[in-house]
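Structural overview
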Amino acid sequence: MPGHRTAEPDPLRGSIDLLILKALSLEAMHGWGIGARIQQMSRGRLDVNQGSLYPALQRLEHRGDIESAWRTTENNRRARFYTITARGRRELGEELEKWKRFSKTISLIVEG
Amino acid sequence: MSLLKGLAARTRAIFRPSDAEARLEEEFRFHLESEIDHLIREGVPAADARRQALVAFGAVEGHRESMRDERGARWFDDLRVDVRYALRAMRRHPGFVVAVTLTMGLGIGVNGIIFGFVNSILFRPVPVQQPEELAALFTRDTRTGNTGVFGYDDFIDFRDRSGAFAGVAAMTGGPVNLVVPQSAGNAVGDLVWAEIVTEDFFSVLGARPAIGRFFTAADAPQGGNPFVVLSYDAWQRRFQADPNVAGRVLRINGSEFVVTGVAPRGFKGMRRLGFWPEVWVPIGMQPIVQPGSPGLLHGRGGGALYVVGRLRPGFDVERTEAVAADFARQLEAAYPASNANVGVSVLPAKVGLENPAIIKPQILMLSSALGIFGSLAVLLIICANLAVLQLGRTASRAREIAIRLSLGCSKGRLTRQLLVESLLVSAPGVGLGMAAMNLASPLEPYLTPKLPFPVGFGPTLDLRVMFFTGAISIAAVVFFSLIPAVRAGRSRLVPSSANGLGLGRSDGKRPSRTRKLLVVSQFALSVILLIAASLFVRSMTMADTVNLGFEPRNRVVLSVNVGLQGYDQTRGLQFYDDVLRRVRLLPGVLAASFAYPAPFDTNDRGVRLYVDGLANSRDGTIAAQATFVGDEFIPALGLRLQAGRDFTPRDGAAESLVMIVSDSLANRLWPGKSAIGLRAHYGSVSGPEVTVVGVVADAKFAAVGEVTPRRAYLPLKQRYRDWETLVVHTRDTPARTLANVREVIAALDPSLPPFGAMTMEQAVANGFAASRSGVAIASFFGLLALLIASIGLYAVVARSVVERTREMGVRIALGLTPRGVLAHLMRDGARLGLIGLAFGLAGGLALGRTMTGVLLGLSPADPITFIVVPSALTIVILVATVVPARRAARLDAVAALRSE
């Protein structure tokens, strides 16, 4: 009998969600674009396993934080584009707050 | 909003998994190609770029898997696990599955059929436009309150001048000789029910013809037009559904009528508990359709017309009645001679017309009441039984559930699993019930009384009731399956191995109090149903166990109605004579004569006889049944002559009046004397004198209601009847004899249709059929209830055997004999059954009291019923408890102790 799945997201999962929402808060993007943007924003310091973006994207979509639709890229190719929703923006705000508090706490402890 | 969209995306992903997979593949491909392009632009060699891109992407299958998981494949996987788990549980307890299936299947099926039958008698609206707007108008005697039917002139005044209705029509009906010419030149005829209607009958009802047209105002004039509208069934059966039937010619009572149209399918006229008309003719044709009743097209203060009207917009029945009553008073003032004290009564006619003064056929009403009672009782029993079955598993499941909860299984998950399981368990039962649809048609003949004209109740299956019963029983299964989850949730881990030894009485593993109560009440209910059924059967068949008093074998019957054909007495008697002379010469014929009513005809006739100094009679007269017969009727009917002689051709109109009486009549009129040569008077002391020339043994002419076999046989030539049944005693086959007889009649009058051709044995069977419908319903329910209750009892005992296996093992190890085990286990089950039986008997007695009025000559405490039913039930109880208990008695002590 498999146990009941816990509702608390693990830290990595939570941070990927945060990064995706942050990336999408600027413009609608396809999956690869989001990955590239995260790399760019972290100046190459954060090496996320690219494929693991997709389960996160699906999860966010099912949660209602983002939407997706087929569109054509500038190279005239079909790609799935993701857009942040109003709910997603609220979520992003709250997550950022939480994250800032969390990192501040950690810094206090580690540096203190 | 976005939450909803997210939900929609999730739902799509769950129900269209292939779409989601395809999207995933495309996205992955796009990603990898974008990455490769990117790497090449950065200067990575093309050969390396692909490898690097794949490495950066990570394990494709792993991502795919985790997405599937997130997407809800997990939901499906869980469901699959639940189903597999449930199927395994079902396989482990086949008895439980069979019991639930039988309970639900029988309940759903039988309730659907029976309630459909009752529904069609009591509640089905006539299939016309807005039937709720229809109302019946009857005359009402303002002194006695008795309702009656209308005279034609009063009806016309009501129609044209009262303003009570938006539209109003009248009808009356009767049997007619119908002959349909066939293409081959020969003709097929029958006696059918014809409804005589005013020309606006169909337009008031708002019925649309299936073919052709109905009557119009042009069909109204007196002496009107010979038009006829066929019923849908008649069109199908007698005209092979000929699409060009309009314009075809048929003969009614010898006269030609032209078909104008066909009534809509399912329209059986407006009579609620009456015959189904096969033809409708305009009222102007009444003199031809009913040659024996002149003057129907005139008259006030009562007559023969049933009146049906459509309410005016905004009028209800009360307001309409007020207006009609006003108008009736005007008529009373205008025609005091005929219309004094003639008021009116308006009744809703949504389900058809019925003169409240005429007592409804008791059998039908009783059957219906029994049907409703039975339906509800069966529903209750089903639910109780499902509860018993499910609760029976509660105890054993409580532990399993507690363990699973403690292992971290969520309550929602558990609930869902129990839900899946109970739905799966219900499925075969629902299927079985639905299969009962195929039984509805073959069962209909048993539920429908046989009468000379078709009556019926239409399709006997009621889908709504089946659906209702099905839904209720599924709900019961689900509800009771969730009880263990609820209980387990409350009591946490209590039902652990604390009472592992399973000894003692307080271990909570014996049948629970609820279950006991359910079994007892189930048994009580089914006992009540069985008693009702038995009383019913007994009252119908009590008198039938004796011999009939006549010999039905090797005899055929066939009837003619020469009156409808317009024969007068001279021509009629001549015709009867000609028929008998020729039929007696047919090959194989031993005897032939006429009789009306013949044995087991649905009609009967009576005669009042006066005898000087008759005991126990106020005016010296008594009523007797009467049969009007031809000469030499005794051998033809297979009666037994006790004394005197048969009628001969010489007992004619010119001679002195004679009669032959049955033993019982002779004994009543002249106790202890030989009746031969003695005299009585017809009607009263001043009536014509009649001499007894013979005495025959008592014979049974009807199945129902015949309390006395006192019967007088009167010669046709002295007491003419225009409707007679030919009875032929033959050595030849019935089919050949009937064909020969038909030829004889066709040769004498080709336009006279013989009807009701059958063997005497069929006639006897039909005679019992009317009561059989009630008996069938009653027995159905009784047996069904018993069966279901027995399943419940069996389940309880079987369950407790399983639950007490260890206890029994210990007892056997301590020296209890298998016999002792058996007795021990049976005691509980039998006690429940017997308590139920006791309550049921008390209830049955009470029910019997209320049935007193309809039990024909039977005490409500009929000893046979109250001996047979309990003994039969005791046997059932014993079987239901012995079978499972025996299994326990064969237990091996060691295996039993290890059973947990």
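In this numbering scheme, every chain counts its residues from 1 along its sequence in written order. Chain labels run from A onward and ligand labels from 1 onward, assigned in the order the entries are written. Where totals are concerned, whole chains, interfaces and linings use all residues; where local detail is concerned, this predicted model gives features only for residues with pLDDT of at least 70, and gives and counts side-chain atom pairs only at 80 or more. Heavy atoms throughout the structure, all of them, feed into the side-chain values; hydrogens and water do not.

All right, on to the overall build of chain B then. Per the secondary structure count, chain B includes 25 helices and 22 strands. When each of the 900 residues of chain B is scored for burial, the buried share is 53%. The contacts of chain B with a sequence gap of at least 6 include a subset with a gap of at least 24, amounting to 80%. Accessible surface computed for chain B: about 39,100 Å², of which carbon and sulfur atoms make up 60%. Helix and strand definitions here come from DSSP, where helices need a minimum of 4 consecutive H or I residues and strands a minimum of 2 consecutive E residues; each element is numbered from the N-terminal end. Each residue's exposure class comes from its accessible area (1.4 Å probe, protein chains only) as a fraction of the maximum for that residue type: buried when under 20%, exposed when over 50%, partly exposed otherwise. Throughout, a contact is declared for two residues whenever any of their heavy atoms are within 4.5 Å. A 1.4 Å probe and the Shrake-Rupley method give the accessible areas. Residues count as covered only by the protein chains that appear here.

Further remarks concern the overall build of chain A. If you tally the helices and strands in chain A, you get four helices and three strands. Counting from the amino terminus, chain A carries its helices and strands in the arrangement α-β-α-α-β-β-α. In chain A, buried positions account for 39% of the 112 residues. Sequence separation of at least 24 residues holds for 44% of the intrachain contacts in chain A that already meet a minimum separation of 6. Roughly 6,800 Å² of accessible area belongs to chain A as shown, and the carbon and sulfur atoms make up 53% of that amount.

What follows concerns the pattern of salt bridges. A pair can form between side chains of opposite charge whenever their charged atoms are brought close. All names here are of chain B. Within this document, salt bridges are pairs made up of a side-chain nitrogen of Lys or Arg and a carboxyl oxygen of Asp or Glu, the two lying within 4 Å of each other. With the rule as written, the count across this model stands at 33 salt bridges over all chains. With its nearest N and O atoms 3.3 Å apart, the salt bridge here joins aspartate 141 to arginine 143. Residue classification places aspartate 141 among the partly exposed residues on the basis of a relative accessible area of 22%. A relative accessible area of 61% places arginine 143 in the exposed class. The salt bridge involving arginine 159 is made with aspartate 200; its shortest N-O contact spans 3.8 Å.

On to the side chain of B:Thr139. All names here are of chain B. By the element assignment, threonine 139 lies in strand S1 (residues 134–141). Exposure remark for threonine 139: the relative accessible area of 9% places this residue in the buried category. Each residue touching threonine 139, except ones within four places of it in the same chain, is listed here: Asn146, Thr147, Gly148, Val149, Phe150, Val342, Gly343 and Val344.

All names here are of chain A. With respect to the helices and strands, the residue glutamate 91 is situated in helix H4 (residues 86–111). Residues glutamate 91 and aspartate 65, spaced 26 residues apart in sequence, show a C-alpha to C-alpha distance of 7.4 Å. Beyond its immediate sequence surroundings of up to four residues, glutamate 91 is in contact with Leu21, Arg63 and Asp65.

Here the focus is the nonpolar core. The tendency in soluble globular proteins is for nonpolar side chains to be buried side by side. Residues and elements named next belong to chain B. Residues belong to a common nonpolar core when they are buried Ala, Val, Leu, Ile, Met, Phe, Trp, Tyr or Cys residues joined through side-chain atoms within 4.5 Å. In this structure, Val100, Leu386, Leu793 and Leu873 are the most contacted members of the largest nonpolar core, which totals 48 residues. For this core, the secondary-structure elements that each account for two or more residues are helix H5 (94–122), helix H12 (362–406), helix H15 (463–491), helix H16 (513–541), helix H21 (760–803), helix H23 (818–850) and helix H24 (863–889). If one sorts the elements of this core by residue count, H16 sits on top with ten residues. Once residues lying within four places of it in the same chain are set aside, the contact partners of leucine 873 are Phe523, Val527, Leu530, Leu786 and Leu837. Ranked by size, the runner-up nonpolar core spans 47 residues in total, among them Ile211, Leu230, Leu305 and Leu331.

All names here are of chain A. Judged by side-chain polarity, Trp99, Phe102, Ile106, Leu108, Ile109 and Val110 come together as a nonpolar surface patch covering roughly 660 Å² of accessible area. As for its position among the elements, tryptophan 99 is in helix H4. A relative accessible area of 42% means that tryptophan 99 is categorised as partly exposed. A patch consists of residues exposed above 30% relative accessible area that lack any salt bridge, with like charges linked at up to 9 Å and nonpolar side chains (Val, Leu, Ile, Met, Phe, Trp, Tyr) linked at up to 5 Å.

Here the focus is helix H3 (residues 53–63) of chain A. All names here are of chain A. For H3, the buried fraction is high: ten of the eleven residues fall into the buried class. Looking only at H3, the buried set comprises Leu53, Tyr54, Pro55, Ala56, Leu57, Gln58, Arg59, Leu60, Glu61 and His62. One or two residues past the end of H3 sits glycine 64, with phi positive at roughly 95°.

As a further point, take helix H6 (residues 152–162) of chain B. All of the buried residues along H6(B) are B:Tyr152, B:Asp154, B:Phe155, B:Ile156, B:Asp157, B:Phe158 and B:Ser162. Trailing H6(B) by a residue or two, B:Gly163 shows a phi angle of about 70°, which is positive.

Moving on, we get to the confidence of the model for chain A. For every residue, the predictor assigns a confidence score, pLDDT, that lies between 0 and 100. For chain A, per-residue confidence averages 80 on the pLDDT scale, and residues scoring 70 or more make up 84% of the total. Segment residues 1–10 of chain A is flagged for pLDDT under 50; beyond a separation of four residues in sequence, or across chains, it makes nine contacts in the model.

The subject of this paragraph is the packing of helix H17 (residues 569–584) of chain B against helix H20 (residues 734–748) of chain B. The relative placement of two packed helices comes down to the angle between their axes together with the axis-to-axis distance. Residue and element names in this part refer to chain B. For the pair H17 and H20, the least separation of the axes is 10 Å and the interaxial angle reads 140°. In this view, H17 runs oblique relative to H20, as classed from their interaxial angle. The hand of the H17/H20 crossing is right-handed. Touching Phe575, Asp578, Val579, Arg582 and Val583 of H17 are Val741, Val744, Ile745, Ala747 and Leu748, all from H20. Amino acid classes used here: Ala, Val, Leu, Ile, Met, Phe, Trp, Tyr, Cys and Pro are nonpolar; Asp, Glu, Lys and Arg are charged; the rest, including Gly, are polar. Residue classes in the contact of H17 with H20 are distributed as eight nonpolar, no polar and two charged. Lines fitted to C-alpha atoms define the axes here, with helix axes fitted over just the stretch in contact, and angles between the N-to-C directions of these axes take values from 0 to 180 degrees. Convention used here: angles under 35 degrees read as roughly parallel, angles over 145 as roughly antiparallel, angles from 65 to 115 as roughly perpendicular, and any remaining angle as oblique. For any pair of crossing helices, the crossing counts as left-handed if the nearer helix is rotated counterclockwise from the farther one by less than a right angle, and right-handed if it is rotated clockwise.

Let us look at the packing of helix H22 (residues 805–813) of chain B against H23(B). Residue and element names in this part refer to chain B. Their axes nearest at 10 Å, the elements H22 and H23 cross at an angle of 145°. Crossing of H22 against H23: the hand is right-handed. Contacts from Glu807, Met808, Arg811 and Ile812 of H22 reach H23 at Val821, His824 and Leu825.

Residue and element names in this part refer to chain A. Strand pairing follows a simple DSSP-based rule, namely that at least 2 bridges must link the two strands. Pairing is antiparallel across the open sheet formed by three strands, whose spatial order is S1-S3-S2. Of all the strands in the sheet, just strand S1 (29–30) and strand S2 (66–72) have a single pairing partner and so form its edges. In this sheet, strand S3 (residues 78–84) lies alongside S2 in antiparallel orientation, the contact comprising seven bridges. Each residue of the ladder has a partner; that of alanine 69, found in S3, is phenylalanine 81. Packed onto the sheet, H3 meets S2 and S3 and runs at close to 115° relative to S2.

Let us look at unusual backbone geometry. Residues and elements named next belong to chain B. In the segment running from tyrosine 596 into proline 597, the intervening peptide bond is cis, with an omega of -5°. Along the chain, the position of proline 597 falls in the loop between strand S13 (589–596) and strand S14 (605–610). Even without being glycine, glutamine 130 reaches a positive phi, approximately 40°. Accessibility expressed as a relative area gives 41% for glutamine 130, which makes it partly exposed.

Each Phe, Tyr or Trp ring, with Trp reduced to its six-membered ring, pairs with another whose centre is within 6.5 Å; inter-plane angles below 30 degrees give stacked pairs, above 60 give edge-to-face pairs, and intermediate values give tilted ones. A full pass over the atoms with the stated rule returns 23 aromatic pairs over all chains. Aromatic side chains A:Tyr54 and B:Phe28 sit 5.3 Å apart centroid to centroid with 70° between the ring planes, which places their arrangement in the edge-to-face category. Placement of the pair is A:Tyr54 in helix H3 and B:Phe28 in helix H2 (residues 17–41), with the two residues belonging to separate chains. Overall, the relative accessible area of 4% leaves B:Phe28 in the buried class. A network of ring pairs unites the aromatic residues B:Phe201, B:Phe202, B:Phe214, B:Phe215, B:Phe267 and B:Trp280 as a single cluster.

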